[in-house]
Amino acid sequence: MTVEEIIDRLYGLPLAEFTAARNEAATELSGDDRARVKALRKPTAAAAAVNRLVRKHRDDVDTFLSASAALRDAQVAGKGSLEDATKQQRDALARLVKAGGEAVRQSLLAAAVDEDAADELLAGRLERELEPRGFGTLLSHVNPSARPARSKPSRPDDREARAKLNEAKQDLSAAEAEERQARRRWEQAQKDADDARAVVGG
């Protein structure tokens, strides 16, 4: 078993078994591999819930991330139906929260708007839950060397509130995108009407 396979196995274990299994695995290795495994941190309960979710419901996670990408395209580039994309993403999120519990919501929402976070989610090796990294730059990549969200444990008493806030921001962005599309259609209609009046008047 390679060291990567060992790490994957460890992060798929029940939380209570992690530390003992990590220490045992480290004793069977040597050099850099041993040091790497020994340094692995026990995931938080929320992170462990996400890691389990990715392993047990990978197809649903992939569906959610695809729906999130489609929603970004609809919001930013006007591709497809914004209403349909929003519904598909919400439905996919609801299925995953039902399967994994409320603790997984924040990490899923963070992965929905950041491709680096989505990659971390899919790896299934989270030590801490993911946090939103600057809403409003949906298509930009955050510098991978600067990850303040993972270096600071989140406080359990405000986790759900922050997750709901991020979801509300998504809804706001969707509404603003829809308003911009409507304004463009109205401006085009006005132009068409002016052109028609010019033809009739001429």
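See the structure printed just above.
Anyway, here's the lowdown on the structure attached to this text. Since the model is a prediction, treat every value here as computed from it, not as a measurement.

Orientation of helix 1 (residues 3-11) relative to helix 3 (residues 31-38), taken along the N-to-C sense of each, is 15°, at an axis distance of 11 Å. In terms of their interaxial angle, helix 1 and helix 3 are classed as roughly parallel. Seen along the crossing, helix 1 lies across helix 3 with a hand that is right-handed. Along the contact surface, helix 1 presents Val3, Glu4, Ile6, Ile7 and Leu10, while helix 3 presents Asp33, Arg36 and Val37. Its residues assigned to classes, the contact of helix 1 with helix 3 shows five nonpolar, no polar and three charged.

The biggest cluster of nonpolar side chains holds 24 residues, and the ones touching the most others in it are Phe64, Leu65, Val104, Leu108 and Leu121. With six residues, helix 7 (residues 105-113) is the single largest residue contributor to this core. Setting aside residues no more than four positions away along its own chain, Leu108 makes contact with Leu53, Phe64, Leu93, Leu96 and Leu121. Residues Leu13, Leu29, Val37 and Leu40 belong to the second largest nonpolar core, which totals 13 residues.

Inspection of every chain in the model, using the stated rule, returns one aromatic pair. Summarising the aromatic geometry, the rings of Tyr11 and Phe18 are spaced 5.2 Å apart at their centres and angled 45° between planes, so their arrangement reads as tilted. An identical accessibility class is assigned to Tyr11 and Phe18; each is buried.

Reading guide: rules and limits
- Residues numbered from 1 in each chain as written.
- Predicted model: local features only at pLDDT ≥ 70, side-chain atom pairs only at ≥ 80, totals over all residues.
- Heavy atoms only, no water.
- Axes fitted to C-alpha atoms, helices over the stretch in contact; angles between N-to-C directions.
- Helix = DSSP H or I, 4+ residues; strand = E, 2+ residues; numbered from the N terminus.
- Parallel < 35°, antiparallel > 145°, perpendicular 65-115°, else oblique.
- Left-handed = near helix turned anticlockwise from the far one by under 90°.
- Contact = heavy atoms within 4.5 Å.
- Nonpolar A, V, L, I, M, F, W, Y, C, P; charged D, E, K, R; others polar.
- Core = buried A, V, L, I, M, F, W, Y, C linked by side-chain atoms within 4.5 Å.
- Buried < 20%, exposed > 50% of the residue type's maximum accessible area, 1.4 Å probe, protein only.
- Phe/Tyr/Trp six-rings, centres within 6.5 Å; stacked < 30°, edge-to-face > 60°.

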